[in-house]
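Structure at a glance
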Amino acid sequence: MTQQRDAHPGTEPLTPSDAELLRAHVDGDPDAFGELVRRHRDRLWAVALRTVGDREEAADAVQDALLSAHRAAARFRGESAVTTWLHRIVVNASLDRLRRRQSHPTVPLPDGNRADDTPSAPEPAAPAPDHDTALIVRAALADLPVDQRAAIVLVDVQGYAVAEAATILGVAEGTVKSRCARGRARMALALAHLRRGDRDDGHDTGGNRTGAHRVPSGSGVTGPLPPAPEGRRDQ
């Protein structure tokens, strides 16, 4: 494993930085890249999952991205943080999979009359209301154009600053703001019935609000999604 730096004699050794781990990997340390991945895999996975919307596709995207990062480490020039570099590779891999999926949509199998088409167990009970809301919010996110979804995931879901999201996506900050604004507006329209439902019931359901407010609780989308205040590259 990568040697840890000694701060001063008699003190605890300092943990190597991300950049030091990456350099150690390039220099041949067999454990350095694995340690780097362990530090950041949860957030990398979350970005891929929210961007792609499918667990298997997200897992494949992360695997593709980490393989690319492993091979391209020697070309890292330190112009951004290592985490930003890793996230950029993961986002690009996720967007590539999304675009391929949209270009070659899967065709559902026709219904059959074979015995193995019959469910072997009772159908599950209807999901709880909070779970229903989560599925609705995730579906609204999945319906966004690819570029808007990526911006929303980074800024509103993962909490990145616009400047860092712009670096990850390789676009101008104004482009990220514009994509977020348009994506928020589309989601506000798609989720408007949730707000109407709260008003019709005459009480707050306990979930967060959409639009100028917040996303319903349990949605798996943790950041605010306010409506648009204004109107890889902008469309």
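Quick summary incoming for the structure in this document. (Residues numbered from 1 in each chain as written. Predicted model: local features only at pLDDT ≥ 70, side-chain atom pairs only at ≥ 80, totals over all residues. Heavy atoms only, no water.)

1. Remarks on the layout of surface pockets
This is how it is decided: Whether a set of points on the 1 Å grid over the protein atoms alone is a cavity depends on a 1.4 Å probe fitting there but being unable to get out, while an open set qualifies as a pocket with protein on both sides within 12 Å along at least five of seven lines; lining residues are those with an atom within 4 Å of a point. Grid points are joined across faces, edges and corners, and a volume is the space filled by probe spheres set on the points. Helix and strand assignments follow DSSP, with helices taken as H or I runs no shorter than four residues and strands as E runs no shorter than two, numbered in order from the N terminus.
In this structure, the second largest pocket occupies an estimated 190 Å³ of space. What lines the second largest pocket is simply L49, R50, G53, R138, A139, L141, A142 and R149. Those elements that provide at least two residues to the lining of the second largest pocket are α2 (32-52) and α5 (129-142). Of all the elements, α5 adds the most residues to the lining of the second largest pocket, at four residues.

2. Quick notes on the nonpolar core
Definition in use: To define a nonpolar core, start from buried Ala, Val, Leu, Ile, Met, Phe, Trp, Tyr and Cys residues and group those joined through side-chain atoms within 4.5 Å. The buried label goes to any residue with under 20% of its type's maximum accessible area, the exposed label to any with over 50%, and the partly exposed label to all in between, with areas taken from a 1.4 Å probe on protein chains only.
The biggest cluster of nonpolar side chains holds 26 residues, and the ones touching the most others in it are V91, L154, L169, V176 and M187. Mapped onto this core, the elements with two or more residues apiece are α4 (82-103), α5, α6 (146-157), α7 (162-169) and α8 (173-190). Considering every element that reaches this core, the biggest residue donor is α6, with seven residues. One finds A32, F33, I89 and A93 within the second-largest nonpolar core, a separate group that totals 25 residues.

3. Observations concerning the environment of A150
In plain terms, the rule: Any two residues whose heavy atoms approach within 4.5 Å at even a single point are treated as in contact.
Relative to the helices and strands, A150 is located in helix α6. On the basis of relative accessibility, which here comes to 2%, the residue A150 falls in the buried class. As a C-alpha pair, A150 and L169 span 19 residues in sequence and 8.2 Å in three-dimensional space. Among residues more than four places away in sequence, those in contact with A150 are L95 and L169.

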